[in-house]
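# Topology and contacts: notes
Each chain, letter by letter, is given below.
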Amino acid sequence: NATRVAFIGLGAMGQPMAQHLVSAGFEVVGFDLSQDARQTLAKAGGHAAETMPDAMKGADYVITMLPNGRIVRDALLTDNACGGLRPNALVVDMSSSAPNDTRELGVELVARGLRLVDAPVSGGVKRAVSGTLTIMVGGSETDIEEAEPLLKVIGSQIFKTGPVGSGHAMKAINNFVSGAGVLAAIEAVVLGRSFGLEPHTIVDILNSSSGKNNATEVKMKQFILSETFGSGFALGLMAKDIRIAADLAKTLGLRLEALSSTANAWDAAQKELGPAEDHTRIIRYVMDHA
Ligand code: NAD
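Since the model is a prediction, treat every value here as computed from it, not as a measurement. Along each chain, the written sequence defines residue order, and numbers are assigned to residues from 1. Local features in this predicted model are restricted to residues of pLDDT 70 or higher, and side-chain atom pairs are both shown and tallied only at a pLDDT of 80 or more, whereas totals for entire chains, interfaces and linings draw on every residue.

## Examining the overall build of the protein chain
Using the following cut-off: Where helices and strands are cited, they refer to DSSP runs of H or I of at least four residues and of E of at least two residues respectively, numbered from the N terminus. Within these notes, the globule rule equals 2.2 Å times the number of residues to the 0.38 power, and the radius of gyration is based on C-alpha atoms. A residue is called partly exposed when the number of other C-beta atoms within 10 Å of its own lies between 12 and 20, exposed at 12 or fewer, and buried at 20 or more, with C-beta atoms placed from the backbone. By the convention adopted here, residues make contact when the C-beta atoms placed from their backbones lie within 7 Å.
Within the protein chain one finds 13 helices and nine strands. Computed over C-alpha atoms, the radius of gyration of the protein chain comes to 20 Å, within 12% of the 19 Å expected from 2.2 N^0.38 for 290 residues, which places it in the range of a compact globule. The buried share of the protein chain, reckoned over its 290 residues, is 48%. Pairs at least 24 apart in sequence give 65% of the contacts found in the protein chain among residues at least 6 apart.

Here it is, written out as structure tokens:
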């Protein structure tokens with residue numbers, strides 16, 4: 001009897017993550033609103049459920065990889081979908097959700113005889129496909145230990161961050177730094193080009209100097225200067241993550257200037273360009289407002 005995993009959210013990240021679990025021998029029952037996504041999982045050896053409650057019925061674990069925490073909450077609680085899980089089942093939310101919502105959800109799930117750990121990821125679609133994501137996990141020691149056999153299939157670096165919600169706090173903090181880095185790299189190129197510097201030269205020199213970051217090292221040449229804009233990470237998701245970090249600062253009574261201006265810029269870009277565009281297209285917003 002293989003361990004049964006309900007995998008909810010088979011998008012850019014969830015699909016390859018679910019397929020790694022199939023390859024590792026787990027019985028994976030997937031659900032996504034997209035029929036195409038469900039069929040792709042079925043073709044890869046998983047099972048496709050027609051409804052959310054069907055996916056969760058009798059499962060030992062639920063992994064959610066959905067756009068945000070509100071959708072995760074609805075997925076679990078609407079039509080009492082999580083009521084069909086094995087008693088004491090473990091819910092692993094790998095989406096980038098808001099930490100305070102995660103804490104509340106954790107309490108609600110415990111009241112239903114279930115358990116929650118938050119285990120968001122970093123590394124993008126490329127590392128989801130290679131099974132080498134970085135995973136930051138919040139929850140009790142014993143729950144995290146129980147999730148580890150699944151997490152090790154999906155990621156290569158697993159960090160314990162503290163109680164439920166702490167993984168999601170850490171993920172929002174990471175994406176603040178990542179989103180600020182993308183903006184800084186783009187503004188650097190817009191500024192340098194306007195003076196007469198050559199964009200590839202700017203990026204090369206940043207990468208050989210103290211100004212380098214993930215955007216200068218990877219995203220700038222691969223997706224932005226090449227104008228392919230194919231990172232697989234949507235603008236609306238990045239804007240959401242940085243807003244989570246900004247809201248967290250607010251609830252903790254902190255005034256952080258770079259965080260507020262970064263969150264505002266990504267929000268404005270999302271409104272102007274649309275949430276579905278690749279996040280690297282923010283260069284258009286920057287150029288239009290420079
Ligand atoms: P995506 O939009 O590609 O996938 C989300 C999937 O969820 C879609 O297939 C959609 O159909 C499905 N979905 C939405 N609402 C649903 C519902 N109510 N019921 C069932 N399915 C539903 O997004 P993604 O890029 O895979 O991101 C998923 C999560 O991972 C997000 O929280 C994101 O912030 C985070 N994340 C993304 C990346 C990346 O590089 N793409 C990296 C790290 C973390």
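## What to know about the pairing of strand E9 (residues 155–162)
This is how it is decided: A strand pair is defined by DSSP finding two or more bridges across the two strands.
The sheet contact formed by strand E8 (residues 133–138) and E9 spans six bridges and is parallel. By the bridge assignment for E9, Val137 is matched with Lys160.

## Looking at the pairing of strand E4 (residues 61–64)
In summary, the side chains of a regular strand alternate between the two faces of the sheet. Going by this rule: Look down the strands so they point away from you; if going from the first strand over the helix to the second traces a clockwise path, that crossover is right-handed.
Neither face of E4 is open: one carries Tyr61 and Ile63, the other Val62 and Thr64, and all of them are buried. Taken together, the four bridges between strand E1 (residues 4–8) and E4 define a ladder with parallel strand orientation. Residue pairing for E4: Val5 is matched across the bridge by Tyr61. Each parallel crossover has a hand, and for E4 linked through helix H4 (residues 69–77) to strand E5 (residues 90–93) it is right-handed.

## Some words on the domain arrangement of the protein chain
Often the size quoted for an interface is simply the accessible area lost on bringing the parts together. Just so we agree on the cut-off: For the domain bounds, the source is a domain assignment made automatically or taken from a database.
When the domains of the protein chain are assigned, the result is domain 1 (4–162) and domain 2 (169–289). Centre-to-centre, using C-alpha coordinates, domain 1 lies 28 Å away from domain 2. Contacts between the two partners involve 13 residues from domain 1 and, on the opposite side, 15 residues from domain 2.

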